[in-house]
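These are the residues of each chain, in order.
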Amino acid sequence: MEEEEDQQKLPDLVKELVHRLLSQNDSQSPNPNSPEFQNSLRYALRILSSRLTPSVAPDAAAIADSIKRRLATQGRSSEALSFADLYTKFASKAQSVNNKWAVIYLLKIISEDRKTQFDSASVLLPNLPFSDKPRDNNNNNSSNNNKGWNNNGVLLVAKDPENRRDIAFREFVNLVKEENEVSEEVLVRDVLYACQGVDGKYVKFESENNEYALSDSIRVPRATRTMVNKLCELGGLFKKVTGYIWQSMDGFPVEEVGTVGQAFCSALQDELSEYYKLLAVLEAQSSNPIPLVSESASSGNYLSLRRLAVWLAEPMVKMKLMSDLVDKCRVLRGGAMAGAIHLHAQHGDPLVHEFMRRLLQRVCSPLFEMVRRWVLEGELEDVFAEFFIVGQPVKAESLWREGYRLHDAMLPSFISPSLAQRILRTGKSINFLRVCCEDRGWADAATEAATDTGATARRGGFGYGETDTLESLVDEAAKRIDKHLLDVIYKRYKFKEHCLAIKRYLLLGQGDFVQYLMDIVRPELSEPANTISSFKLSGLLETAIRASNAQYDDSDILDRLRVKMMPHESGDRGWDVFSLEYDARVPLDTVFTESVMARYLRIFNFLWKLRRVEHALIGAWKTMKPNCITSHSFTRLQHAVKMQLVSTLRRCQVLWVAINHFISNLQYYIMFEVLEVSWSNFLSEMDVAKDLDDLLAAHEKYLHSIVEKSLLGELSQSLYKSLLVIFDLILRFRSHADRLYEGIHELQSRITESSLSSRDQNKSRKQLNAKSAEQGSWIADGRKALTQRAGEFLRNVGQDLDAIAEEYSSLQEEFISQLPVQQHVDLKFLFFRLDFNEFYSRLCASIGNL
């Protein structure tokens with residue numbers, strides 16, 4: 001009820017406002033029933049009911065402040081105070097008035113424009129007759145046909161008895177017909193034909209410009225020609241898109257288009273079907289006449305060029321997009337095509353974004369199906385080479401590294417490289433389990449992953465725009481399948497046990513086995529390489545296994561350990577060509593590849609040389625120890641020879657101690673600082689490995705660590721070569737030491753012989769002469785000759801030992817001096833062990849000062 005009362009009050013308020021405005025300019029109060037008053041009231045109502053809005057912010061308080069400031073600046077302070085009081089009451093009590101600012105603004109404008117007598121009305125309504133003369137109330141005659149302004153500025157609307165509107169309309173129609181050779185209805189129909197790729201009567205396709213255009217011979221206004229040509233651009237785009245669809249679907253073989261290309265063409269067809277529906281509606285409207293041009297126009301449902309431009313605005317945007325996509329995708333296929341389309345989807349326009357999303361859902365459907373099959377079944381169904389994962393036939397041992405790879409050119413931009421790597425590894429793990437491990441347990445893991453991700457894992461359950469769902473599926477599948485793969489490798493194929501076996505046998509970690517093998521193969525390996533039988537060495541290997549704790553290892557591991565004879569040249573000995581190898585079968589050969597085993601073989605050869613040197617030193621010590629104990633047998637020799645013998649023995653033992661110190665510390669460094677530390681780190685990384693790639697990386701790091709720390713790396717080649725020279729020198733020392741103590745043994749036997757009885761001496765002499773004749777020994781004559789030859793022998797051996805000691809000292813100093821400058825920190829610890837008392841550092845410094 002209150003709203004009805006307020007609505008009834010509004011006309012009264014307007015009437016009161018008009019009455020006050022008219023009364024201020026008249027000497028007497030206007031009659032509310034007079035025509036002047038009624039016309040003014042109607043005009044006021046027209047203004048108030050119009051939709052014209054001022055270009056000011058709707059702020060009532062700001063307008064009120066503006067009015068108060070204007071009154072104050074005009075010196076009307078009392079009126080400003082009165083207005084402020086009235087505005088406060090109006091703002092607090094007029095609760096039913098919604099647009100208070102509009103009321104205040106209206107009063108302000110009326111106050112400002114009263115002196116201009118509403119001149120702005122002539123601008124808003126130019127077709128209406130106005131008069132600036134005051135109306136004569138006594139003259140009701142309208143002979144001048146002029147309903148004008150009264151003194152109050154009220155507009156009066158007069159009738160058109162001369163029908164000037166119809167005359168103007170006919171003149172406009174005649175002008176249009178004179179300027180246009182072709183009617184607008186015909187142009188509209190031709191434009192619609194062009195939009196369908198068909199030539200019209202006046203609008204035809206121009207092959208040179210590859211577009212539809214209005215013929216230059218047709219006389220039409222420039223604006224009309226421009227609009228027609230602009231609308232016909234849609235026809236050229238349509239022709240390009242339909243031509244691409246026809247070529248892709250019918251013109252080219254399927255293998256050149258692919259499933260993604262077919263999906264793209266199908267999506268374009270669906271978009272064009274909506275376009276065809278719109279054209280059908282527009283053709284129906286084009287048959288209706290156009291007002292202002294045709295006198296028979298009676299329906300408002302007509303189609304002009306301007307209306308057609310509005311209708312075709314949205315199809316034009318979509319057709320331009322499709323045309324751009326066609327140009328971009330003409331030479332692309334598969335994932336590359338999907339990625340190119342995705343780049344056009346990065347747009348801020350909601351219309352374009354939604355259109356591209358709808359298109360990409362269709363285009364990417366084949367790709368996402370390939371991803372689903374790959375990560376859950378390991379199937380690579382890529383008949384037309386569109387997927388970003390490529391497979392190639394390889395041997396089983398190369399399946400993991402070379403069987404599958406990423407094709408970067410086919411990787412869509414909406415799939416990140418890290419996600420693509422996880423997708424690749426997941427399907428690769430399934431194929432590795434199926435082909436190399438002959439395992440089917442991965443199917444259960446894939447089923448669990450599909451169940452955890454819900455319905456999205458089913459065929460067609462996810463697509464473009466659902467990257468989170470794709471990542472969730474891939475992560476779940478990868479986590480379960482990789483865990484199952486590692487379980488198979490560790491438990492079924494005993495990967496850790498095989499790694500330990502390689503460490504114990506190829507890296508010589510099984511001490512008793514290595515020592516026994518070295519003892520029994522030494523005579524055989526001292527022979528020329530071309531005379532050695534690998535079958536005999538295999539038998540000796542079996543003997544060493546049975547004589548050591550290696551016999552308790554798993555038979556499968558022992559069966560994999562074999563003798564390997566490397567290619568040899570003339571002059572090579574068995575030591576130079578002998579090695580051990582470990583047969584890593586499928587699937588372990590994925591880790592222990594040929595290149596990996598070649599690096600193991602290189603490490604074995606180095607360790608075998610080190611053990612050979614150590615074994616030679618131990619053998620020399622065994623030879624030296626008994627002779628040192630029986631040195632009292634030489635008391636019958638001359639003093640000079642005796643002192644020479646003692647000096648030679650001492651030099652030999654001192655040199656042995658120095659060499660043994662070097663080899664022992666080097667052996668400790670290799671076996672503990674290198675092999676054991678690297679093995680411990682490898683075990684730790686093996687425990688935290690999440691997939692086969694992590695396991696391969698951990699093993700590669702383990703092997704690389706051994707190579708680098710063992711002086712086998714590229715940056716340590718000079719050290720390695722120096723070490724090999726030292727090894728050869730130590731073996732020469734062993735031969736000289738053996739020659740020394742063999743000579744001493746013969747000398748001791750000769751001295752013992754001289755102390756026997758004559759009968760025994762003669763008998764022993766005959767036996768010794770026979771032996772000397774066979775061996776060419778220098779023991780042949782009496783005591784004088786024995787003493788002379790003993791002195792000469794000891795002098796020669798002493799000179800050889802001195803030469804070896806001097807050469808060894810030089811080589812050792814050269815080797816140690818290179819250790820501090822090595823990049824690997826562990827080699828600096830080796831320097832500390834070899835030079836713990838800084839003896840070599842001071843020696844090098846003193847030599848440098850000289």
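Please read all numbers here as calculations on a predicted model, not as lab measurements. (Residues numbered from 1 in each chain as written. Predicted model: local features only at pLDDT ≥ 70, side-chain atom pairs only at ≥ 80, totals over all residues. Heavy atoms only, no water.)

A.B. asks: Break down the overall build of the protein chain for me, citing the residues and quoting the values.
C.D. replies: Along its length, the protein chain carries 32 helices and 6 strands. Here the protein chain holds 850 residues, and 42% of them are scored as buried. Counting only carbon and sulfur atoms, one obtains 51% of the accessible surface of the protein chain, whose full area is about 46,100 Å². (Helix = DSSP H or I, 4+ residues; strand = E, 2+ residues; numbered from the N terminus. Buried < 20%, exposed > 50% of the residue type's maximum accessible area, 1.4 Å probe, protein only. Areas by Shrake-Rupley, 256 points an atom, 1.4 Å probe, with all protein chains shown as cover.)

A.B. asks: Before we move on, could you go through the side chain of Thr590 and cite the residues and values that matter?
C.D. replies: Examined against the element boundaries, Thr590 turns out to sit in the loop between strand 6 (578-582) and helix 25 (594-629). Residue contacts for Thr590: discarding those within four places in its chain leaves Ala396, Glu397, Trp400, Arg401, Phe432 and Leu696. (Contact = heavy atoms within 4.5 Å.)

A.B. asks: Lay out the nonpolar core with the relevant residues and their values.
C.D. replies: What tends to happen in soluble globular proteins is that the nonpolar side chains get buried as a cluster. In this structure, Phe495, Phe513 and Phe592 are the most contacted members of the largest nonpolar core, which totals 204 residues. Per-element tally for this core: the top contributor is helix 26 (residues 639-688), with 18 residues. Every residue in contact with Phe495, bar those within four places of it in the chain, is listed here: Ile489, Tyr490, Leu588, Val591, Phe592, Phe682, Met686 and Leu695. With 9 residues, the next largest nonpolar core counts Ile63, Leu71, Tyr87 and Ile104 among its residues. (Core = buried A, V, L, I, M, F, W, Y, C linked by side-chain atoms within 4.5 Å.)

A.B. asks: Tell me about the pairing of strand 2 (residues 211-214), residues and numbers included.
C.D. replies: Two elements, strand 1 (residues 203-206) and strand 2, share 4 bridges in a ladder whose sense is antiparallel. Directly across from Phe205, in strand 2, lies its bridge partner Tyr212. Counting the residues that bridge the hairpin from strand 1 to strand 2 gives 4 residues, and of these Asn210 lies at a positive phi of roughly 55°. (Pairing = 2+ DSSP bridges.)

A.B. asks: Which residues make up the pattern of salt bridges, and what values go with them?
C.D. replies: Throughout the structure, instances matching the rule amount to 36 salt bridges. Taking the shortest distance from any N to any O, the salt bridge between Glu354 and Arg357 comes out at 2.6 Å. A residue pair is termed a helical-turn pair when its members lie 3 or 4 positions apart in one helix, as Glu354 and Arg357 do in helix 14 (residues 350-363) at 3 residues. Judged by relative accessible area, which is 34%, Glu354 ranks as partly exposed. When its relative accessible area of 29% is taken as the criterion, Arg357 is described as partly exposed. Between Glu379 and Arg434 there is a salt bridge, with its nearest N and O atoms 3.6 Å apart. With Glu379 in the loop between helix 15 (365-377) and strand 3 (389-391) and Arg434 in helix 17 (residues 417-435), the pair connects residues that are 55 residues apart, well separated along the chain. The exposure class assigned to Arg434 is partly exposed, which follows from its relative accessible area of 23%. Three or more residues joined by partner-sharing salt bridges are found here, namely Glu369, Arg372, Arg373, Glu377 and Glu381. (Salt bridge = Lys/Arg side-chain N within 4 Å of Asp/Glu carboxyl O.)

A.B. asks: Could you give an account of the packing of helix 13 (residues 334-344) against helix 14, naming the residues involved and the relevant values?
C.D. replies: Relative to each other, helix 13 and helix 14 sit at 165°, their axes nearing to 9 Å. For the element pair helix 13 / helix 14, the angle class is roughly antiparallel. Note on packing geometry: the crossing formed by helix 13 with helix 14 is left-handed. Of helix 14, the residues touching helix 13 (which contributes Ala338, Ile341, His342 and His344) are Val352, Met356, Leu359, Leu360 and Val363. Residue composition of the contact of helix 13 with helix 14, by class: 7 nonpolar, 2 polar and no charged. (Axes fitted to C-alpha atoms, helices over the stretch in contact; angles between N-to-C directions. Parallel < 35°, antiparallel > 145°, perpendicular 65-115°, else oblique. Left-handed = near helix turned anticlockwise from the far one by under 90°. Nonpolar A, V, L, I, M, F, W, Y, C, P; charged D, E, K, R; others polar.)

A.B. asks: Can you lay out the environment of Lys503 for me, pointing to particular residues and giving the numbers?
C.D. replies: Of note, Lys503 is situated in helix 20 (residues 495-505). Counting along the chain gives 101 residues from Lys503 to Phe604, while the straight-line C-alpha distance between them is 9.9 Å. Beyond its immediate stretch of four places on either side in the chain, Lys503 contacts Leu508, Gly509, Glu676, Trp679 and Tyr702. Within the structure, Lys503 has its side chain in polar contact with the side chain of Glu676 (distance 2.9 Å). (Polar contact = N/O pair within 3.5 Å; in protein donor to acceptor, adjacent residues only side chain to side chain.)

A.B. asks: Tell me about the packing of aromatic side chains, and please be specific about residues and values.
C.D. replies: Applying the stated rule across the entire model yields 26 aromatic pairs. Ring geometry for Trp679 against Tyr702: centres 6.0 Å apart, planes inclined by 65°, an arrangement best described as edge-to-face. With Trp679 in helix 26 and Tyr702 in helix 27 (residues 692-709), this residue pair connects regions lying 23 residues apart in the sequence. On the accessibility criterion, Trp679 (10% relative accessible area) is buried. We classify Tyr702 as buried; its relative accessible area is 4%. By the ring-pair criterion, three or more aromatic residues cluster together here, those being Tyr490, Phe495, Phe592 and Tyr600. The aromatic ring of Tyr302 is capped on one face by Arg307, whose charged end is 3.9 Å from the ring centroid. Lys496 extends its terminal NZ or CZ atom over the ring of Tyr490, reaching a point 5.1 Å from the ring centre. (Phe/Tyr/Trp six-rings, centres within 6.5 Å; stacked < 30°, edge-to-face > 60°. Lys NZ or Arg CZ within 6 Å of the ring centre and 35° of its normal.)

A.B. asks: Can you explain the confidence of the model for the protein chain? Please cite residues and give values.
C.D. replies: Per-residue confidence for the protein chain averages 79 on the pLDDT scale, and 77% of its residues sit at or above 70. Confidence, read as mean pLDDT per element, is least for helix 6 (residues 120-124) in the protein chain (36) and greatest for helix 20 (95). Residue range residues 115-159 is modelled with pLDDT below 50. Its contacts to residues more than four positions away, or to other chains, number 61 contacts. Every residue in residues 844-850 scores below 50 in pLDDT, and together they form 1 contact with partners more than four places removed in sequence or on other chains. (pLDDT = per-residue confidence, 0-100.)

A.B. asks: Give a detailed account of unusual backbone geometry, specifying residues and quantitative values.
C.D. replies: Of note, the amide linkage connecting Val586 to Pro587 takes the cis form, showing an omega dihedral of 5°. Positionally, Pro587 belongs in the loop between strand 6 and helix 25. In this model, Asn210 sits at a positive phi of 55°, which is unusual for a non-glycine residue. Its place among the elements puts Asn210 in the loop between strand 1 and strand 2. For Asn210, a relative accessible area of 47% corresponds to the partly exposed category. Positive phi is not limited to glycine here, since Leu508 has a value of about 55°.

A.B. asks: So what's going on with the packing of helix 15 against helix 17? Which residues, and what values?
C.D. replies: When two helices pack together, you describe them by how their axes are tilted relative to each other and by the distance separating the axes. One way to put it is that helix 15 packs onto helix 17 with a least axis distance of 7 Å and a crossing angle of 45°. Our classification of the angle between helix 15 and helix 17 gives oblique. On helix 17, the residues that touch Val371, Trp374, Val375, Leu376 and Glu377 of helix 15 are Ile423, Leu424, Thr426, Gly427, Lys428, Ile430, Asn431 and Arg434. Residue composition of the contact of helix 15 with helix 17, by class: 7 nonpolar, 3 polar and 3 charged.

A.B. asks: With reference to specific residues and values, describe the state of the cysteines.
C.D. replies: What the rule picks out here adds up to 0 disulfides. The structure places no disulfide on Cys329, whose sulfur is separated from the nearest cysteine sulfur, that of Cys265, by 9.6 Å. (Disulfide = S-S within 2.5 Å.)

A.B. asks: An account of helix 12 (residues 313-329) is needed here, citing residue identities and associated values.
C.D. replies: Look at helix 12: 24 Å from first C-alpha to last across 17 residues, which is about the 24 Å you get at 1.5 Å a residue. Those residues of helix 12 not exposed but buried are Pro315, Met316, Lys318, Met319, Leu321, Met322, Ser323, Leu325, Val326 and Cys329. (Expected span 1.5 Å × (residues − 1).)

A.B. asks: Lay out the environment of Gly243 with the relevant residues and their values.
C.D. replies: By secondary structure assignment, the location of Gly243 is in helix 9 (residues 222-251). Gly243 gets classed as partly exposed once you look at its relative accessible area, which sits at 30%. Note: C-alpha distance between Gly243 and Val326 (83 residues apart in sequence) is 9.7 Å.

A.B. asks: Kindly report on helix 19 (residues 467-492), identifying the contributing residues and their values.
C.D. replies: Along its 26 residues, helix 19 runs 36 Å from first to last C-alpha, staying within 8% of the 38 Å computed at 1.5 Å per residue. At the exit of helix 19 stands Lys494, carrying a positive phi of roughly 50°.

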